[in-house]
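Read off the chains here:
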Amino acid sequence: MSRKIIGNRFKNLIAIAISLIAALFNWRISLGFLLGIAFSRIHMIILSARLNAILDSSLKDKEPNAFLVFFGGIIDLLVLAIPLAISYFLGGYIHWLGVGIGLLFEKLLMYISALLKKDV
């Protein structure tokens, strides 16, 4: 088993710290950041479930259902678009820049974790 360099608790602490720092400057960006993180986590859950289903079907020597693979990709994109639409309609309360940073936050930590695991 491989150990996680950046665990979920540490990710949550970093997210809360960034949100509090952003709240000092602009509370709208902080709310957008939290909304983006929430939808990013939902996206990662859906993506991992979809990829596990595809890999399980390939391990059983079956073709993955093309419709479900395509439909899962559409759902993934919708999950990423929903917080941006919310920030558009509630622009006075949620800033789109915070939403974008929140959506990329999980992926950024995954890249940092991969770099820390790499032996240089």
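Report on the accompanying structure. No experiment lies behind these values; they were computed from the predicted model shown. (Residues numbered from 1 in each chain as written. Predicted model: local features only at pLDDT ≥ 70, side-chain atom pairs only at ≥ 80, totals over all residues. Heavy atoms only, no water.)

1. Overview of the side chain of His95
Formally: Numbering of helices and strands runs from the N terminus, with a helix taken as a DSSP run of H or I at least four residues long and a strand as a DSSP run of E at least two residues long. Buried residues are those whose accessible area, probed at 1.4 Å on protein chains only, stays under 20% of the maximum for their type, while exposed residues exceed 50% and partly exposed ones sit between those limits. Contacts are residue-level and defined by heavy atoms, with any inter-residue pair within 4.5 Å sufficient.
With respect to the element layout, His95 can be found in the loop between helix 3 (66–89) and helix 4 (96–117). Classification of His95 by relative accessible area gives buried; the value is 17%. If we skip the residues at most four places from it in the chain, His95 touches Arg28, Ile29, Gly32 and Ser87.

2. Digging into the pattern of salt bridges
Quick reminder of the rule: When a carboxyl oxygen of Asp or Glu is within 4 Å of a side-chain nitrogen of Lys or Arg, the pair counts as a salt bridge.
Taken as a whole and assessed by the stated rule, the structure comprises two salt bridges. Here Glu106 ties to Arg41 by a salt bridge, and the two come within 2.8 Å at their closest N and O atoms. Here Arg41 lies in helix 2 (residues 27–59) and Glu106 lies in helix 4, a separation of 65 residues in the sequence. Assessed through its relative accessible area of 7%, Glu106 is described here as buried. With a relative accessible area of 24%, Arg41 lands in the partly exposed category. A salt bridge links Arg50 to Asp76; the shortest N-O distance between them is 2.9 Å. Placement of Arg50 in helix 2 and of Asp76 in helix 3 is noted, with a sequence separation of 26 residues between them. The two residues Arg50 and Asp76 agree in class, both being buried.

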